[in-house]
Amino acid sequence: SQQGEEDPQALSIQEGENATMNCSYKTSINNLQWYRQNSGRGLVHLILIRSNEREKHSGRLRVTLDTSKKSSSLLITASRAADTASYFCATDEKYKLSFGAGTTVTVRA
Amino acid sequence: DAGVTQSPTHLIKTRGQHVTLRCSPISGHKSVSWYQQVLGQGPQFIFQYYEKEERGRGNFPDRFSARQFPNYSSELNVNALLLGDSALYLCASRRDTANTGELFFGEGSRLTVL
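All of these numbers come straight from a predicted model, not from anything done at the bench.

### Brief notes about the interface of chain A and chain B
Argument step 1. With 20 residues of chain A at the contact, the number on the chain B side is 24 residues.
Argument step 2. Overall, the association of chain A and chain B removes approximately 1,700 Å² of surface from exposure, summing both partners, and the carbon and sulfur fraction of that is 49%.
Argument step 3. A per-residue breakdown of the area chain A buries against chain B is headed by L43, Y95 and F99 of chain A, which together make up 30% of the total.
Argument step 4. At the boundary of chain A with chain B, the tally comes to 2 salt bridges.
Argument step 5. Our count for the contact surface shared by chain A and chain B stands at 8 residue pairs in polar contact (both at pLDDT 80 or more).
Argument step 6. Residue assignment for the side of chain A that touches chain B shows that the elements contributing at least two residues are β4 (31-37), β5 (43-50), β9 (85-93) and β10 (96-99) of chain A.

Encoded structure:
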């Protein structure tokens with residue numbers, strides 16, 4: 001079973017708009033990570049937020065974490081065509097990452 | 001520095017056959033993990049190896065096995081292939097020894113079972 005669940009499953013936006021996706025998880029965590037995957041290729045790490053952090057920024061990415069609600073959100077600002085990809089949240093459990101099913105983001109030119 | 005490399009990139013097998021997938025981690029990374037990603041789903045954990053020892057195993061049948069070599073490269077073996085084994089198999093390596101932090105993924109080996 002998967003620990004994280006992303007919402008929405010798919011998102012289509014215009015270039016320049018912001019994209020927001022959410023992740024819910026079930027058990028307590030040490031950290032939560034977000035990854036991007038382009039068209040069935042390898043995953044690329046985007047950002048890691050620790051359980052004692054509430055918000056983190058990296059370039060156009062902003063991640064929030066609410067451990068009381070067991071949820072996280074990823075915001076991509078000023079989206080570009082190159083942001084078209086699938087985005088996954090993953091919780092770090094001892095020796096493995098548990099991934100959700102992902103959000104597919106399509107950025108229209 | 002080279003990233004995580006996997007081979008082969010694509011392969012086609014028939015039911016009942018055996019497959020071996022190979023992975024070379026980033027230089028200096030001693031931890032290697034394997035994930036299976038079925039189309040439309042997120043990656044599912046199969047194995048983690050650290051210093052040639054299995055440190056974790058996911059919910060996969062015994063047909064799946066793996067090993068890590070002294071140079072930290074790794075092989076994933078799948079016996080008696082089933083149609084449901086068709087997937088993208090991802091290898092990932094990790095730098096730190098505390099089993100936390102980001103994973104560095106290879107581009108994957110796409111297996112099709114006919």
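### Structural notes on the sheet that holds strand β7 (residues 64-68) of chain B
All names here are of chain B.
Argument step 1. Read from one edge of the open sheet, 4 strands run β1-β3-β8-β7, paired in antiparallel fashion. Edge strands, defined here as strands with exactly one partner in the open sheet, are β1 (5-7) and β7. Mean inter-strand twist for the sheet, computed between neighbouring axes without regard to direction, equals 15°.
Argument step 2. Two elements, strand β3 (residues 19-24) and strand β8 (residues 74-78), share 5 bridges in a ladder whose sense is antiparallel. When the sheet's bridge partners are listed, C23 is paired in β8 with S74.

### So, unusual backbone geometry
Argument step 1. With omega at 0°, the peptide bond leading from D7 of chain A into P8 of chain A counts as cis.
Argument step 2. Looking at where P8 of chain A falls in the secondary structure, it is placed in the loop between β1 (5-7) and β2 (10-14).
Argument step 3. Geometrically, the link from S7 of chain B to P8 of chain B is a cis peptide bond, its omega value of -10° lying close to zero.
Argument step 4. As for its position among the elements, P8 of chain B is in the loop between β1 and β2 (10-13).
Argument step 5. Positive phi is not limited to glycine here, since K70 of chain A has a value of about 50°.
Argument step 6. Mapping K70 of chain A onto the fold places it in the loop between β7 (61-66) and β8 (71-76).

Here is what the cut-offs are and how they apply
Each chain carries its own residue numbering, running from 1 in the written order of its sequence. For this description, chains carry letters from A and ligands carry numbers from 1, given in the order in which they are written. Side-chain atom pairs in this predicted model are given and counted only at pLDDT of 80 or more, local residue features only at pLDDT of at least 70, and totals for whole chains, interfaces and linings cover all residues. With hydrogens and water stripped out, all remaining heavy atoms of the structure feed into the side-chain values. Residue contacts are counted whenever heavy atoms from the two residues lie within 4.5 Å of one another. When two components associate, each loses some accessible surface as probed by a 1.4 Å sphere; the sum of these losses over both components is called the buried area. Salt bridges are counted wherever a side-chain nitrogen of Lys or Arg sits within 4 Å of a carboxyl oxygen of Asp or Glu. For this analysis, a polar contact is any N or O atom pair within 3.5 Å, provided that within protein one partner can donate a hydrogen and the other can accept it, and provided that sequence-adjacent residues contribute only side-chain to side-chain pairs. Runs of E in the DSSP output that reach at least two residues are strands. Runs of H or I that reach at least four are helices, and both are numbered from the N terminus. Pairing between strands requires that DSSP locate at least two bridges from one strand to the other. Inter-axis angles, ranging from 0 to 180 degrees, are taken between N-to-C directions of lines fitted to C-alpha atoms, where helices are fitted over the stretch in contact.

Interpretation note: all reported values are geometric properties and have no functional meaning in isolation.
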